[in-house]
Amino acid sequence: VSLKHRHGPVAIVGTGALGTALAHAFVASGVAVRAIASRDPDRAAAAASAFPGAIGVSLDRVAKEAPVVLLAVADSAIESVASALAGARGVIVAHTSGSRDTKPLAAVRAHGARVGAFHPLAAVVKPAGPVDAGHWTTLFRGAAFAIEGSDGDVTAQLTQLATALGGKPFTATAAAKARYHLGASMLAAFSAGLAQVAWEGMRAAGAPADVASAGVGHLLETVARNVAAAPAPAAALTGPVARGDAGGVTRQAIAAEVLPREAQVLYRAHAEHNIQLAQHAGRITKETADALVAALHAHGNSSS
Ligand SMILES: NC(=O)c1ccc[n+]([C@@H]2O[C@H](COP(=O)([O-])OP(=O)(O)OC[C@H]3O[C@@H](n4cnc5c(N)ncnc54)[C@H](OP(=O)(O)O)[C@@H]3O)[C@@H](O)[C@H]2O)c1
C-alpha cells in the first residue's frame, strides 16, 4: 500500500517559520499541500511555487481548496484570519498555537467549520540559506503534538497528520494549554539564553566562536538525549547539585560573581530549583539539600 497522500490534503495559511516548515515537512512525508495562503498574494504565490500541485491563494479562498486548513499565523492574528475565511462549512480549521485553545476560531466555527488546534512542540526558525530535504523530514520526527478538536473526527484527523510527520500526538486539555505552553516555552527560550552564558564562558576560556557554538549545541544535544531517555527529567540532572557536592556548589557560587547581574540571579534561582528537584527525586537527602543551600548562600551577592 502506498503511503503517498494517505492523509490530507491540507492548505496552510501563513508563510512564516512554521507555515513554511509544515508545508515542506508534509510534502516530504507524502501529505499533499494544495494551497498556501498569505495576506500578500505575491508571498502566497512564491511559497506555493516550491510545491508541485499547490497554488497561492488569498485568505477568503483557502478553505475552498482543502478539507483541512492549518493556520500558521501569529497568535494574535488567529481571530482576524478565522473571520476572513469563507466557504469553510465542514472544513477542519485548526490553528498551530500552543498557548491558545480553540475559542479564537469561534467566527469560522459559527459558519460551519469544524475547529481544532495542532501544536508541534518544536522550535522552528526560517532557514538562513538552502537546506536539504532531510532537514524537513527530521524537523517534526519525534515531536510531541498537542491536538484539540471540536469533535472526535477532527481530533483523529489532526492526530493522523501529526503521525504522518513522525510526531507523537496527544489530546490536549484546553484548560491546561497555557501551563503546557509556558513550560515548553521556558525550556526552548531559556535554554537558548543559558547557552549564551555557556558560550561566553567558553569564549573567555579561549574557545573560538565556531567551536563555542558547536560545543554548546553538542552539550544541549547530550542533555536532550539524557532527558528523553529518563522517566522524568529530574532523573537526568547532572552537575554538583545532583551529585550532592557542596564544595562544587561553593566554587560555582564564587565563579558566578563575575557574571552579569541577571545571569547571577539565574544561577541562584536554577541552583535552588535543582536542589529541590534533586531532593524530591530522591537523588540527594534533605541534609545534603540543606548543606547545598547553605553553600549557595555563603557566597555571591545574595539578597538573603
Ligand atoms: N516557530 C515555532 O517554533 C513555532 C512552533 C510551534 C507553533 N508555532 C505557532 O505557529 C504560529 C506561527 O508562528 P511562526 O513562528 O511561524 O511566526 P512567524 O514566522 O512570525 O510567521 C507568522 C506568519 O503569520 C502571518 N501573519 C502575521 N500577522 C498576521 C496578521 N495580522 N494577519 C494575518 N496573517 C498574519 C504572516 O504570514 P503572511 O505574511 O504570509 O500573511 C507571518 O509570516 C503561531 O501561532 C506560533 O505560536 C510556532
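Residues numbered from 1 in each chain as written. Predicted model: local features only at pLDDT ≥ 70, side-chain atom pairs only at ≥ 80, totals over all residues. Heavy atoms only, no water.

Peer 1: Before we go on, may I ask you to explain the overall build of the protein in this structure?
Peer 2: When its secondary structure is counted, the protein shows 12 helices and eight strands. With respect to the principal axes defined by its C-alpha atoms, the protein has extents near 65 × 40 × 40 Å. Going through the 304 residues of the protein one by one, you find that 37% of them count as buried. Contacts spanning at least 24 positions in sequence make up 59% of the contacts within the protein whose residues lie at least 6 apart. Looking at charge distribution, the protein has the averaged site of its 25 positive side-chain charges lying 6 Å from that of its 20 negative ones. (Helix = DSSP H or I, 4+ residues; strand = E, 2+ residues; numbered from the N terminus. Buried < 20%, exposed > 50% of the residue type's maximum accessible area, 1.4 Å probe, protein only. Contact = heavy atoms within 4.5 Å. Lys, Arg positive; Asp, Glu negative; His and termini not counted. Charge placed at Lys NZ, Arg CZ, Asp CG, Glu CD.)

Peer 1: Just checking my understanding: could you explain the packing of aromatic side chains for this structure?
Peer 2: All chains considered together, the criterion is met by four aromatic pairs. Ring centres of F118 and F145 lie 5.0 Å apart, and the angle between their planes is 55°; this geometry places the pair in the tilted category. Of the two residues, F118 is situated in strand β6 (residues 114-120) and F145 in strand β7 (residues 144-149); the sequence distance between them amounts to 27 residues. For F118, a relative accessible area of 0% corresponds to the buried category. Residue class for F145 comes out buried when judged on its relative accessible area of 0%. Members of the aromatic cluster, connected to one another through ring pairs, are F26, F118, F140 and F145. (Phe/Tyr/Trp six-rings, centres within 6.5 Å; stacked < 30°, edge-to-face > 60°.)

Peer 1: Can you help me understand unusual backbone geometry in this one?
Peer 2: Peptide bonds are, in most cases, trans, and in most cases residues other than glycine have a negative phi. In this structure, P9 follows G8 across a cis peptide bond, with omega equal to 0°. As for its position among the elements, P9 is in the segment before β1 (10-13).

Peer 1: Looking at this structure, how should I read the pairing of strand β5 (residues 92-95)?
Peer 2: A regular strand carries its side chains on alternate faces of the sheet. Side chains of β5 alternate between two faces, with I92 and A94 and V93 and H95 buried alike. Here four bridges tie strand β4 (residues 68-71) to β5, and the two strands are oriented parallel to one another. Residue pairing for β5: V68 is matched across the bridge by I92. This β-α-β element, β4 to helix α3 (residues 78-84) to β5, shows right-handed connectivity. Two elements, β5 and β6, share four bridges in a ladder whose sense is parallel. (Pairing = 2+ DSSP bridges. Right-handed = clockwise from strand over helix to strand, strands pointing away.)

Peer 1: Sorry, what's going on with the nonpolar core here?
Peer 2: The nonpolar side chains of soluble globular proteins are, as a tendency, buried together. Within the largest apolar cluster, 31 residues are counted, with the highest numbers of intra-cluster contacts made by F26, F118, F140 and L158. Looking at this core, the elements with two or more residues in it are β1, α1 (17-28), β2 (33-37), β4, β5, β7 and α6 (152-164). Broken down by element, this core gets its largest block of residues, six residues, from α1. A37, A82, L105 and A113 belong to the second-largest nonpolar core, a separate cluster that totals 23 residues. (Core = buried A, V, L, I, M, F, W, Y, C linked by side-chain atoms within 4.5 Å.)

Peer 1: What's the story with the site of the ligand in this structure? I'm lost.
Peer 2: The full set close to the ligand counts 21 residues, and T15, S38, R43, D75 and V124 are the nearest of them. A distance of 3.0 Å separates an oxygen atom of the ligand from a polar atom in the backbone of V73. Separating an oxygen atom of the ligand from a side-chain N or O atom of T96 is a distance of 3.2 Å. Here the ligand loses 74% of its free accessible area of 880 Å² to cover by the protein chains. Breaking the shell around the ligand down by element, the ones donating at least two residues are α1 and β6. Taken together, the residues of the shell around the ligand break down into 11 nonpolar, seven polar and three charged. (Near = heavy atom within 4 Å. Polar contact = N/O pair within 3.5 Å; in protein donor to acceptor, adjacent residues only side chain to side chain. Areas by Shrake-Rupley, 256 points an atom, 1.4 Å probe, with all protein chains shown as cover. Nonpolar A, V, L, I, M, F, W, Y, C, P; charged D, E, K, R; others polar.)

Without other data, these values stay purely geometric and don't point to any function.
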